[in-house]
Amino acid sequence: MKQLVVISGKGGTGKTTMAASLASLARGEMVVADCDVDAPDLHLLLQPQVRETIDFLGLQAAVIDPGKCTNCGECEKACRFDAISDFAVDPAACEGCRVCTIVCPSEAVTMVDRLSGHAFVSDTRFGTMVHAELLPGEEASGKLVAMVRELASKAAEKEDKELVIIDGSPGIGCPVIASITGTDLALVMTEPSISGVHDLERILAVTKHFGVEALVAVNKHDLNPDMTEEIGVLCRGLGVDLVGRLPFDPGVVGAMVQGKTLVEVEGPVGDAIREVWSRIRMKL
Amino acid sequence: MMISIASGKGGTGKTLVTTNLAASIGGVDLVDCDVEEPNSYLFFPDLEEMESSDCTVAIPLIDEERCTRCGRCSDFCAYNALAVFPQQVLLFQELCHGCGGCALLCPEGAISEGTRAVGKIHRARSGGLRLLWGELFVGEPMATPLIRSVKAEAKGDLVLIDSPPGTACPVIEAVRGSDFCLLVTEPTPFGLYDLSIAVQVVRGLDIPCGVVVNRSGIGDRGVYDYCERESIPILLEIPMMREIAELTSRGVLFSSVMTEWQEKFVHLLEEIEEVAR
């Protein structure tokens with residue numbers, strides 16, 4: 001089984017639209033996983049019918065029992081995350097380290113599990129989809145990404161599918177690292193802008209760091225042909241293949257509003273994505 | 001006053017709004033808390049007095065001579081950052097949150113604390129603006145300590161925080177403590193869905209918020225209907241215009257060319273002050 005992850009560095013460069021279109025092209029042969037757990041959008045295009053819901057317990061949180069607390073303030077002094085003030089814990093800031101439980105002289109602090117989100121295994125018109133929701137403001141998104149990926153791999157194994165397509169999150173931090181480690185190929189989306197180029201350089205350093213082969217596709221390439229050229233030069237310099245140039249097309253938003261992928265509607269972007277897909281197939 | 005600019009969905013124009021707002025008002029601290037992909041400074045090519053320092057986090061240092069391999073540190077560590085073997089103790093430093101618990105617990109006093117750098121804090125000036133931004137090192141998973149450090153350096157009367165995308169811990173760290181949160185979205189189903197999660201986050205933090213609709217004219221009416229239903233003011237609309245996209249793609253502040261926008265951004269600040277009050 002192969003794992004393909006779609007990532008970007010910069011947000012809003014078309015990861016989800018690409019991942020959904022690839023899922024459409026590989027329908028029946030794959031399982032798709034939305035690992036952008038704190039801003040998931042893939043379900044808006046794939047309209048999953050949930051068949052299984054699994055609770056996600058993230059980091060524990062400390063709770064102070066006011067009946068036992070003597071207001072000594074030791075916990076507040078020891079907390080490195082500024083999560084305790086006025087002898088109460090701010091759950092949004094608590095990282096669940098438990099230091100407060102060991103410094104408290106009166107055993108007033110206990111740790112409680114907290115429900116941080118849910119993972120779902122669902123049916124879509126292209127095949128099984130695994131996705132999740134992180135409850136607003138919760139931590140441990142990397143851990144939830146790992147859970148989604150594990151569920152997706154299991155589903156692929158069970159259904160005898162050869163491919164898992166992962167829709168990643170923007171950035172280079174914890175959820176991104178959790179999305180790319182151990183995958184076979186990363187398709188990196190970018191756009192021809194000064195921010196797009198800057199972020200592409202950083203995300204390609206990350207894929208290299210974790211030993212994941214990368215391919216690049218430029219979205220809205222005709223908005224700034226010079227910058228697209230610069231991206232081509234950057235990719236050649238790094239030995240990374242530029243496998244797609246997607247034109248700017250106002251029709252893309254129309255497809256999104258209808259809940260369709262770009263290969264289910266007529267248009268130049270869909271053709272460019274088919275080309276990207278054939279390059280990916282060759283690699284895999 | 002501290003105003004954070006956040007979005008939920010990536011690429012909706014947080015940095016566009018933050019940089020043009022800062023340049024139009026002048027005399028503010030612009031703090032780029034998108035430390036994974038900091039881009040604000042790219043729009044100010046005339047940076048002066050630039051200097052940088054490391055952002056460090058605490059990590060345990062283990063004295064192997066004193067250590068008896070009792071394993072209490074690794075049992076305690078909530079992040080699985082320590083593994084005790086018969087011959088040595090291994091630290092997986094990327095997993096360590098620097099809570100200090102292992103050093104507190106070690107019965108032999110074999111753990112002291114050291115530091116390691118996870119990123120850079122950069123400081124510069126551009127005209128009357130003070131720019132601060134964090135840059136997370138490649139391969140580092142944890143952005144929050146760096147965001148906390150960069151934010152702590154903001155001291156101006158008016159501070160603009162450019163938040164990372166999403167709704168998880170880096171966003172909480174970036175917007176926490178701000179007096180107002182400006183949520184930038186686009187009028188599409190993706191923009192709407194992620195906006196609705198972001199609103200839950202800022203409401204959970206008790207921060208008043210308003211919306212900027214970027215690329216207005218595309219998509220559908222979902223964002224507008226949602227804002228009306230939730231009584232969230234739409235404070236500014238920036239239309240989908242190829243000129244804005246092209247200027248921005250080259251690293252040019254569109255309000256410096258389309259100068260009528262400077263007044264609109266100044267007005268945006270007045271509206272924010274009105275709502276925040």
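Treat the numbers as computed from the prediction; the structure is a model and nothing was measured. (Residues numbered from 1 in each chain as written. Chains lettered and ligands numbered in written order. Predicted model: local features only at pLDDT ≥ 70, side-chain atom pairs only at ≥ 80, totals over all residues. Heavy atoms only, no water.)

K.L.:
So what's going on with the interface of chain B and chain A? Residues and values would help.
P.N.:
Between chain B and chain A, the contact holds 63 residues from the first and 59 residues from the second. Of the roughly 4,800 Å² buried where chain B meets chain A, counting both sides, 60% is carbon and sulfur surface. Interface area lost by chain B to chain A is led by B:Glu37, B:Val138 and B:Phe190, which between them contribute 15%. Applying the counting criterion to the chain B and chain A interface returns five salt bridges. With a shortest N-O distance of 3.5 Å, A:Arg202 and B:Glu135 are connected by a salt bridge. Put simply, chain B and chain A have 23 residue pairs in polar contact (both at pLDDT 80 or more) between them. The set of elements that each furnish at least two residues to the side of chain B that touches chain A consists of helix H2 (72–76), helix H3 (101–105), strand E7 (129–136), helix H4 (144–152), helix H5 (169–175), helix H6 (189–204) and helix H8 (242–249) of chain B. Per element, the largest residue contribution to the side of chain B that touches chain A is seven residues, and it comes from H6(B). Class assignment for the residues of the side of chain B that touches chain A results in 30 nonpolar, 18 polar and 15 charged. (Contact = heavy atoms within 4.5 Å. Buried area = accessible area lost by both parts, 1.4 Å probe. Salt bridge = Lys/Arg side-chain N within 4 Å of Asp/Glu carboxyl O. Polar contact = N/O pair within 3.5 Å; in protein donor to acceptor, adjacent residues only side chain to side chain. Helix = DSSP H or I, 4+ residues; strand = E, 2+ residues; numbered from the N terminus. Nonpolar A, V, L, I, M, F, W, Y, C, P; charged D, E, K, R; others polar.)

K.L.:
Please set out a nonpolar patch on the surface residue by residue, giving values where relevant.
P.N.:
Residue and element names in this part refer to chain B. A cluster of nonpolar side chains, Phe85, Leu90, Phe92 and Leu95, forms an exposed patch at the surface whose accessible area comes to about 330 Å². Position of Phe85 among the secondary structure elements: in the loop between strand E4 (82–84) and strand E5 (89–91). Owing to a relative accessible area of 40%, Phe85 belongs among the partly exposed residues under this scheme. (Patch = residues over 30% accessible without salt bridge, like charges linked within 9 Å, V, L, I, M, F, W, Y side chains within 5 Å. Areas by Shrake-Rupley, 256 points an atom, 1.4 Å probe, with all protein chains shown as cover. Buried < 20%, exposed > 50% of the residue type's maximum accessible area, 1.4 Å probe, protein only.)

K.L.:
Go over the packing of aromatic side chains, please, and point to the residues and values.
P.N.:
Residues and elements named next belong to chain B. In total, this model carries four aromatic pairs over all chains according to the counting rule given. With 6.0 Å between their ring centres and 65 degrees between their planes, Phe254 and Phe265 make a pair best called edge-to-face. Taken as a pair, Phe254 in helix H9 (residues 254–257) and Phe265 in helix H10 (residues 260–276) lie far apart in primary sequence, 11 residues in all. Accessibility classification places Phe254 together with Phe265 in one group, the buried group. With a centroid separation of 6.2 Å and an interplanar angle of 45 degrees, the aromatic rings of Trp261 and Phe265 are classed as tilted. Here Phe265 and Trp261 lie together in helix H10, a separation of four residues that amounts to about one turn. A residue is classified by how much of its surface remains accessible, and Phe265, at 0% relative accessible area, is buried. The ring of Tyr224 has Arg221 sitting right over it, with the charged end atom 4.1 Å from the ring centre. Positioned above the aromatic ring of Trp261 is the side chain of Lys264, whose terminal nitrogen or guanidinium carbon lies 4.2 Å from the ring centre. (Phe/Tyr/Trp six-rings, centres within 6.5 Å; stacked < 30°, edge-to-face > 60°. Lys NZ or Arg CZ within 6 Å of the ring centre and 35° of its normal.)

K.L.:
Which residues make up the confidence of the model for chain B, and what values go with them?
P.N.:
Of the residues in chain B, 100% reach a pLDDT of 70 or more, and the chain-wide mean stands at 96. Reported for the predicted complex are a pTM of 0.93 and an ipTM of 0.92. (pLDDT = per-residue confidence, 0-100.)

K.L.:
So what about the pairing of E7(B)? Which residues, and what values?
P.N.:
Residues and elements named next belong to chain B. Among the eight residues in E7, six count as buried, and that is most of the element. Where strand E2 (residues 29–32) and E7 come together, four bridges link them in parallel fashion. Opposite Asp32, over in E7, you have Trp133 as the bridge partner. When strand E6 (residues 111–126) meets E7, the two strands line up antiparallel, connected through eight bridges. Of the residues in E7, the one forming a bridge with Lys120 is Glu135. If you look at the hairpin formed by E6 and E7, you'll find two residues sitting between the two strands, and Gly127 has a positive phi there, around 60 degrees. (Pairing = 2+ DSSP bridges.)

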